[in-house]
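Structural description and commentary
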Amino acid sequence: MRPVPVSSAPALLAVLTLLRCPLGLHGCSLPPRIKHGHHKDVSQFLSFTTEVEYECEEGYILVGAAKISCLFSGWSSPAPQCKAMCLKPEIPNGKLFVEKAQYVSPETVLIQCDPGYRMVGSPRISCSDYKSWSPNVPKCEKKVPGDHEILRTGQDISQCLPNPQDSKVALELYKLSLEIEKLEQKNGKETRL
């Protein structure tokens, strides 16, 4: 075996130290852990820097730099985050102000019901860290006219029909149609449950 020249001995010692303990030489702590994700060492063999790459669990998206490197003063950038992804909420008889296929936590969406429908629940929902909407996705239900609307309709009918008895029958038929509509809505809700 040939002796190692004295001038190359410190370089050889530095390489061996890096191979044995690459993070210790640069003063970096262990790579930061992240919720809903993990990292892996992607450093090049015999490299003077340590590089790690982050990945997220299924259903989460990486926000920030995927790769960070150990520099002399510490990590090149903060660790990224894994943010939850929520699917577009389905709202029959309603619409979203901003429609996308997926939303990232803590994104908030605003919902509006179609004309003739009223909102049951909050019009503003947010994508939570658990990949679900909070509060729950609201429903848009058909508006049922109140008593004042029935009276207004009765007045309109009485002006159109010459005989007061005809107006009374027409108003009773209208009230009956509203009751049937309420029962159909109630029956539809029970069927969905």
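See the structure printed just above.
Here the structure is a predicted model, which means the values were calculated and not measured.

Section: the overall build of the protein chain
Across its full length, the protein chain holds four helices and 13 strands. Here the protein chain, with 193 residues, has 21% of them falling under the buried criterion. Partitioning the intrachain contacts of the protein chain with sequence separation of at least 6 by distance along the chain shows that 37% fall at a separation of at least 24. Here the protein chain displays about 13,800 Å² of accessible surface, and carbon together with sulfur accounts for 58% of that area.

What about the pairing of strand E9 (residues 108-113)?
Burial along E9 is one-sided: the face carrying Val109, Ile111 and Cys113 is buried and the face carrying Thr108, Leu110 and Gln112 is not. Inspection of the sheet shows strand E7 (residues 94-96) paired to E9 by three bridges, in the antiparallel sense. The residue bridging glycine 94 from the neighbouring strand is cysteine 113, located in E9. Looking at chain direction, E9 and strand E11 (residues 124-127) are connected through three bridges and run antiparallel.

Quick word on the pattern of salt bridges
Here the idea is simple: oppositely charged side chains can pair when their charged atoms come close. Evaluation of the coordinates by the stated rule reveals four salt bridges. One salt bridge connects glutamate 55 with lysine 40, and the closest N-O pair in it is separated by 3.3 Å. Here glutamate 55 is found in strand E2 (residues 51-56), whereas its partner lysine 40 is found in strand E1 (residues 37-41), with 15 residues between them in sequence. Since its relative accessible area comes to 39%, lysine 40 is described here as partly exposed. Linking glutamate 107 and lysine 100 is a salt bridge whose minimum nitrogen-to-oxygen distance equals 2.5 Å. Assessed through its relative accessible area of 24%, glutamate 107 is described here as partly exposed. The exposure class assigned to lysine 100 is partly exposed, which follows from its relative accessible area of 34%.

So, the packing of aromatic side chains
Scanning the model with the defined rule gives one aromatic pair in all. Measuring from ring centre to ring centre gives 5.4 Å for tyrosine 103 and tryptophan 133, while their planes differ by 70°; the resulting arrangement is edge-to-face. Placement of the pair is tyrosine 103 in strand E8 (residues 102-104) and tryptophan 133 in strand E12 (residues 133-134), with a sequence separation of 30 residues. Judged by relative accessible area, which is 1%, tyrosine 103 ranks as buried. Classification of tryptophan 133 by relative accessible area gives buried; the value is 11%. Here lysine 142 stacks its cationic end above the ring of tyrosine 117, 5.6 Å away from the centre of that ring.

So, the state of the cysteines
The tally for this structure, following the rule as stated, stands at three disulfides. Put simply, cysteine 56 and cysteine 82 are joined by a disulfide, and their sulfur atoms are 2.1 Å apart. Torsion about the S-S bond of the cysteine 56 and cysteine 82 cystine: about -95°, corresponding to left-handed handedness. Separated by 26 residues along the polypeptide, cysteine 56 in strand E2 and cysteine 82 in strand E6 (residues 81-87) bring together distant segments of the chain. Put simply, cysteine 113 and cysteine 140 are joined by a disulfide, and their sulfur atoms are 2.1 Å apart. Sign of the S-S torsion, about -85° for the bond between cysteine 113 and cysteine 140, identifies this disulfide as left-handed.

What counts and what doesn't
- Residues numbered from 1 in each chain as written.
- Predicted model: local features only at pLDDT ≥ 70, side-chain atom pairs only at ≥ 80, totals over all residues.
- Heavy atoms only, no water.
- Helix = DSSP H or I, 4+ residues; strand = E, 2+ residues; numbered from the N terminus.
- Buried < 20%, exposed > 50% of the residue type's maximum accessible area, 1.4 Å probe, protein only.
- Contact = heavy atoms within 4.5 Å.
- Areas by Shrake-Rupley, 256 points an atom, 1.4 Å probe, with all protein chains shown as cover.
- Pairing = 2+ DSSP bridges.
- Salt bridge = Lys/Arg side-chain N within 4 Å of Asp/Glu carboxyl O.
- Phe/Tyr/Trp six-rings, centres within 6.5 Å; stacked < 30°, edge-to-face > 60°.
- Lys NZ or Arg CZ within 6 Å of the ring centre and 35° of its normal.
- Disulfide = S-S within 2.5 Å.

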